[in-house]
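Secondary and tertiary structure notes
This is what each chain is made of:
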Amino acid sequence: MTTITAPNADTTAARNLPGRRLSVAPMMDWTDRHCRVFHREISKHTWLYTEMVTTGALVYGDVERHLRFNEEEHPVALQLGGSDPADLAASARLGEKWGYDEINLNCGCPSERVQKGAFGACLMAEPQLVADCVKAMRDAVSIDVTVKHRIGIDDSESYDFVRDFVGTVADAGCNTFIVHARNAVLKGLSPKENREIPPLKYEYAYRLKREFPQFEILINGGIKTEAEIDEHLLHVDGVMLGREAYHNPFMMANFDQRYYGDAAAPRTREQVLAAMVPYIQAQLAKEGGRGLKLNSITRHMLGLMQGLPGARLFRQIMSDSKKLAAGDANLLLEAASHMRQLA
């Protein structure tokens, strides 16, 4: 069910939302609404983020197509890409109207396409503009406005660069910073290379928390295990996972108990699959005529059995073109039954 009810309070605590101790990063072409529902079946409390949505897509495009989401996704944040304060304010207002719990500004994407739009990581060179954007959004909405950014761009590798950026943006009222602890190289590296080649400097995020203890500092970049999460949480307020959460989603199964104190037992993989069947059936019944295919949802689930014997067979069954073309959501249960036989 899609919600259009905006929250009224301006802090996560006031709105009875879980803290941002754990979250899944916004990832283009991956963290769509179907992916987020799947992740929510694994963890109730981990924060989820949309793919980046540009202000142009909302100001001039199909708002419903870009902003619709499912009630069960909460807590869920809308990530915006843009650099015009007025357009960002209008887009943030739409996000609040549609019921998102947070508006996040992308100051970290290094792709050339994003640079041509004068936003993403290149905004770190203009901290006052980012501050103006944050202020415009904060004036427009009552929900949290946060910023996701790198620690530097190109040859700007000193800690002072990111410290001054955070200080300037904080003056505009931003209290939450999500720090991807790598530089962004704007020329010469692809987005994929920008996720792998620039060295991780977690200490920069730790120093930000020490120097700005009043702000919420989340860390992102190359984090894969609970042991790594535990270590980071000794220094910062939260951890954002990226590709590991997508490729190995069941790593989040213990997050609710371990990091949020939820006494409920984690769901099994088979329970997660069973819970997705009625969701898929409802989505196909509602939007199948508009081009939604079974694979649009199941493609996000291929890593559910990661690390288990039979994981390859699971992926093969879930990727069977004939079964997918038939549009039968019971494909999930068939794949699960094969896993049981191997157990």
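Above this note sits the structure.
Residues numbered from 1 in each chain as written. Predicted model: local features only at pLDDT ≥ 70, side-chain atom pairs only at ≥ 80, totals over all residues. Heavy atoms only, no water.

Considering the side chain of Thr 176
Within the secondary structure, Thr 176 is located in strand 7 (residues 176-184). Among the polar contacts listed, one links the side chain of Thr 176 to the side chain of Arg 20, at a separation of 3.4 Å. Here the side chain of Thr 176 touches Glu 216 through a polar contact of 2.7 Å, side chain to side chain. (Helix = DSSP H or I, 4+ residues; strand = E, 2+ residues; numbered from the N terminus. Polar contact = N/O pair within 3.5 Å; in protein donor to acceptor, adjacent residues only side chain to side chain.)

Quick look at helix 9 (residues 202-211)
Buried within helix 9 are the following residues: Tyr 204, Ala 205, Tyr 206, Leu 208 and Lys 209. Packing partners of the buried residues in helix 9 comprise strand 6 (144-153), helix 7 (159-170), strand 7, strand 8 (216-220) and helix 10 (226-232). (Buried < 20%, exposed > 50% of the residue type's maximum accessible area, 1.4 Å probe, protein only. Contact = heavy atoms within 4.5 Å.)

Details of the packing of aromatic side chains
Counted according to the given criterion, the structure contains six aromatic pairs. Where Phe 212 meets Phe 215, the ring centres are 5.7 Å apart and the plane angle is 25°; that geometry is what we call stacked. Here the two residues Phe 212 and Phe 215 agree in accessibility, since each one is buried. A ring pair is formed by Phe 255 and Tyr 259, whose centres lie 5.5 Å apart and whose planes are at 80°; its orientation type is edge-to-face. Of this pair, Phe 255 and Tyr 259 both sit in helix 12 (residues 255-260), four residues apart, roughly one helical turn. Classification of Phe 255 as buried rests on a relative accessible area of 0%. The exposure class of Tyr 259 is buried, given its relative accessible area of 7%. One aromatic cluster in this structure is built from Phe 177, Phe 212 and Phe 215. When the ring centre of Trp 47 is taken as reference, the NZ or CZ atom of Arg 20 above it lies at 5.0 Å. (Phe/Tyr/Trp six-rings, centres within 6.5 Å; stacked < 30°, edge-to-face > 60°. Lys NZ or Arg CZ within 6 Å of the ring centre and 35° of its normal.)

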